[in-house]
Amino acid sequence: MNASRWVVPASFFSMVLGLCGLGTDWRAAHALWGAPAWVGEAVMAVAGGVWLLLAALYANKWLSHGSQARAEVAHPIQCCFVALVPVTAMLVGLAVLPHARPLAVALCVLGSAVSLVFGAWRHGGLWRGTRPVGATTPVLYLPTVAANLVSAMAAGALGLPELGQLFFGAGVLAWLALESVIVGRLFNGEEMPLPLRATLGIQPAPPAVALLAYSSITTGPPDLVAHMLLGYAIVQGLIVLRLMPWLRQPFTPGYWAFTFGATAIASATLRFAARGDDRVFAALAPVLFVMANAVVLGIFAFTVVAALKGKLLPKAAVSPSLAIDVREDGVAP
C-alpha cells in the first residue's frame, strides 16, 4: 500500500466539526423534545473515532512527511486549516464531558491554549503583508474566529462563563474585522476558482457558532443579541444557498465546510428554544434540526462512498487563475 495515500490534509478535521455538531444537535433535541439520547451519543462516538484516526494520521504526517506538514503550515490558504486540529480537540472534549470530565478538561484546556497560540502566530505572520489577494477566503476565520468561539463554548460548558466571555469577545470582534476583508475580496477580486469555492461553506458559520457560544455563556431566554446573531446567520445561509449552482462541483471532502455552520445554528436554536417562550426560536428549531441532519448525513454518505472507492484523497491540480496549487477539495497539496 502506498503510504503517501494516508497523508491527510488538516482540512479533513472539518469532518469532526460536522459530526460533533450533529451530536450536539441530538443532545439538544433530547433536552428539548425527549429525542432518543443514544443517537447523540452514538454520533459523538463516531466523531471521537474519526478524530482519533485523523489525529494519528496527522501526527504520522509530521513524523514521516515533515516537509509536507511544514509546507501546509506555510501555505497562505491551507495554513488556516491547521487550526482545526486543536479546535476539534476541544469539541471532542465537550463530547466526552458527560462521561469523563477529567479527560474533557484536559482536551479543552490543551485545545484552547494551542488555538490561542496558533491563532496569534498565524495571523501575526499575515499582518506582514505580501499575501496574494486570491488567497483570501473564508478559511481565514478558522485560527481566530472559530478557535476563540469554540474556546468560549468550552469555557461555558466547564462552568467558567467569565472566561468564556473573553473568548467570545475575541472571536466576535475577529469575525467582524475579517468579514469586511473577505467580503471585499469576493465583491472586488477575481472570480474564485472552482476548487476553492467549497470554502464559502464556512461563510455562514461565524454568526451561527457565535450564537452557539453565546448560549454557552449566558442564561435565560433569547435576548436582542441572540436574535441578531440568528438573523444574520440565516441571511448568510440564504446567500450561500443562492450561490449553490455556482458552487456545485463533483463531491470532494471540501463540502464538509458546510456542516459546522449548519449544525451550530441548529444546536443554538434548540438550546434557546428550551430556555424561554420565544416564538421565533421555537418555530425555527425543528426546521433547522432537520436541515442539519440532512446536510451532515448526506455529506457523510458521500464521504464513505468516496473512501470505499479510494477517492477520498484527491489528486493534485493547479488552478490557472490563482498562483497557488490547490487540490480538488479546495486546499493545497
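Throughout, a residue's number is its position along its own chain's written sequence, starting from 1. Selection of residues for local features in this predicted model requires a pLDDT of at least 70, selection of side-chain atom pairs for listing and counting requires 80 or more, and totals for whole chains, interfaces and linings are taken over all residues. Hydrogens are left out, water is left out, and the side-chain values use all remaining heavy atoms of the structure.

The contact between helix 9 (residues 224-242) and helix 11 (residues 259-275) brings their axes to 11 Å, and the two run at 150°. Taken together, the axes of helix 9 and helix 11 lie roughly antiparallel to each other. In the packing of helix 9 onto helix 11, the handedness of the crossing is left-handed. In contact with A226, L230, A233 and I234 of helix 9, helix 11 contributes I265, T269 and F272. Polarity classes work like this: nonpolar for Ala, Val, Leu, Ile, Met, Phe, Trp, Tyr, Cys and Pro, charged for Asp, Glu, Lys and Arg, and polar for all others, with Gly in that last group. Per-class residue counts for the contact of helix 9 with helix 11 are 6 nonpolar, 1 polar and no charged. All axes here are fitted lines through C-alpha atoms, helices being fitted over the stretch that makes contact, and every angle between N-to-C directions spans 0 to 180 degrees. The helix count covers DSSP runs of H or I at least four residues long, the strand count covers runs of E at least two residues long, and both are numbered beginning at the N terminus. Orientation categories follow fixed angle ranges, with anything under 35 degrees roughly parallel, anything over 145 roughly antiparallel, 65 to 115 roughly perpendicular, and all other angles oblique. Here is the rule for handedness: rotate from the far helix to the near one, and if that takes an anticlockwise turn smaller than a right angle the crossing is left-handed, while a clockwise turn gives right-handed. Working rule for contacts: check all heavy atoms of both residues, and any pair within 4.5 Å makes them a contact.

The next point concerns the packing of aromatic side chains. Think of it this way: a Phe, Tyr or Trp ring, Trp meaning its six-membered ring, pairs with another when their centres are within 6.5 Å, and the plane angle makes it stacked under 30 degrees, edge-to-face over 60, tilted otherwise. Inspection of the entire model under this criterion finds 11 aromatic pairs. With 5.6 Å between their ring centres and 35° between their planes, F168 and Y214 make a pair best called tilted. With F168 in helix 7 (residues 161-188) and Y214 in helix 8 (residues 205-217), this pair connects stretches of sequence that are 46 residues apart. On the basis of relative accessibility, which here comes to 13%, the residue F168 falls in the buried class. Their ring planes at 25° and their centres at 5.9 Å tell us that Y255 and F258 sit as a pair that is stacked. Joined through ring pairs, the aromatic side chains of F168, Y214, F272 and F281 make up one cluster. When the ring centre of W121 is taken as reference, the NZ or CZ atom of R122 above it lies at 5.3 Å. When a residue's accessible area, from a 1.4 Å probe over protein chains only, is under 20% of the maximum for its type it is buried; when over 50% it is exposed; and in between it is partly exposed. Criterion for a charge above a ring: Arg CZ or Lys NZ at most 6 Å from the ring centre, at most 35 degrees from the ring normal.

A few words now on the nonpolar core. In this structure, L91, L142, L149, M153, F168 and L211 are the most contacted members of the largest nonpolar core, which totals 103 residues. Per-element accounting of this core gives the leading share, 10 residues, to helix 6 (residues 141-157). Among residues more than four places away in sequence, those in contact with L91 are L17, C20, V150, M153 and F260. By convention a nonpolar core is built from buried Ala, Val, Leu, Ile, Met, Phe, Trp, Tyr and Cys residues, the set being connected through side-chain atoms within 4.5 Å.

Next up on the list: helix 3 (residues 66-74). Restricting attention to buried positions, one finds in helix 3 the residues G66, A69, E72 and V73. Looking down the long axis of helix 3, one finds its buried residues gathered within 125° of arc, a one-sided arrangement. Projecting away from the buried face of helix 3 at angles above 90 degrees are the exposed residues S67 and A74. The arc in question is the one spanned by the directions pointing from the helix axis to the C-beta atoms.

Structurally, the position occupied by S151 is in helix 6. Each polar contact in these results corresponds to two N or O atoms within 3.5 Å; when the atoms are within protein, one needs to be able to donate a hydrogen and the other to accept it, and residues that are neighboring in sequence are counted only if both atoms are side-chain atoms. Only 3.2 Å separates the side chain of S151 from the side chain of S112, close enough to count as a polar contact. When near neighbours in sequence (up to four residues on either side) are disregarded, S151 contacts M90, S112 and F167.

As a per-residue quantity, pLDDT reports the predictor's confidence and falls between 0 and 100. Mean pLDDT over the protein chain stands at 90; residues scoring 70 or higher make up 92%. Across the protein chain, element-level confidence peaks in helix 8 with a mean pLDDT of 98 and bottoms out in strand 1 (residues 316-318) with 37. Low confidence marks residues 316-333, where pLDDT is under 50. Its contacts with residues over four positions away, or in another chain, come to 62 contacts.

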